[in-house]
Amino acid sequence: MAKVVLDKTKCIGCGACVANCGVDNGGNFDFGDDNLPVVKNETPTENTQVAVEGCPVEAISIEE
Ligand code: SF4
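Residues numbered from 1 in each chain as written. Predicted model: local features only at pLDDT ≥ 70, side-chain atom pairs only at ≥ 80, totals over all residues.

Within the chain, the regular secondary structure consists of 2 helices and 4 strands. Its helices and strands taken in sequence order, the chain reads β-α-β-β-α-β from the N to the C terminus. Over its C-alpha trace the chain gives a radius of gyration of 10 Å, about what one expects of a compact globule, namely 11 Å for 64 residues. In terms of its C-alpha atoms, the chain occupies a principal-axis envelope of roughly 30 × 20 × 20 Å. Taken over 64 residues, the chain has a buried fraction of 20%. (Helix = DSSP H or I, 4+ residues; strand = E, 2+ residues; numbered from the N terminus. Rg over C-alpha atoms; globule rule 2.2 N^0.38 Å. Buried ≥ 20, exposed ≤ 12 C-beta atoms within 10 Å, placed from the backbone.)

Laid out in structure tokens, this is it:
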């Protein structure tokens with residue numbers, strides 16, 4: 001099953017993924033204890049692709 005993956009080694013913490021696809025709005029991401037985004041819901045949602053394309057460092061992917 002497809003799942004959403006966030007590569008923390010690439011992430012620069014811009015927050016776009018939480019803004020575009022936050023778990024509070026039915027998306028995938030939220031801020032973790034270190035204030036960097038984490039995947040809270042691994043199942044792709046309708047805004048996951050927006051988050052993938054909106055990440056400036058290509059840290060988000062959907063793995064099959
Ligand atoms: S959009 Fe990309 S760089 Fe920005 S916080 Fe999310 S994963 Fe990190």
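A few words on the site of the ligand. Looking at the ligand, there are 14 residues lining it, with Cys11, Cys14, Ala16, Cys17 and Cys55 nearest. Of the residues that constitute the shell around the ligand, the class distribution is 12 nonpolar, 2 polar and no charged. (Near = placed C-beta within 6 Å. Nonpolar A, V, L, I, M, F, W, Y, C, P; charged D, E, K, R; others polar.)

Moving on: the environment of cysteine 21. Inspection of the secondary structure assignment puts cysteine 21 in helix α1 (residues 16-21). Between the C-alpha atom of cysteine 21 and that of valine 52, which follows or precedes it by 31 residues, the distance is 9.5 Å. Those residues in contact with cysteine 21 that lie beyond four places of it in its chain are Gly27, Asn28, Phe29, Thr45, Asn47, Thr48, Val50 and Ala51. (Contact = placed C-beta atoms within 7 Å.)

With that settled, consider the environment of valine 5. Note on placement: valine 5 falls in strand β1 (residues 3-6). For the pair valine 5 and alanine 59, spaced 54 residues apart in the sequence, the C-alpha separation amounts to 8.2 Å.

Here we take up unusual backbone geometry. With a phi close to 65 degrees, asparagine 35 is a non-glycine residue in the positive phi region. Here asparagine 35 shows up in the loop between β2 (29-31) and β3 (37-39). Exposure remark for asparagine 35: the 8 C-beta atoms within 10 Å place this residue in the exposed category. For glutamate 58, which is not glycine, the phi torsion reads 55 degrees and is therefore positive. Mapped onto the secondary structure, glutamate 58 falls in the loop between α2 (48-54) and β4 (60-63).

Formed by Val4, Cys17, Val18, Cys21, Phe29, Ala51, Cys55 and Ile60, the largest nonpolar core amounts to 8 residues. No other element matches the 3 residues that α1 contributes to this core. (Core = buried A, V, L, I, M, F, W, Y, C linked by C-beta atoms within 7 Å.)

These figures come from the coordinates and say nothing about function on their own.
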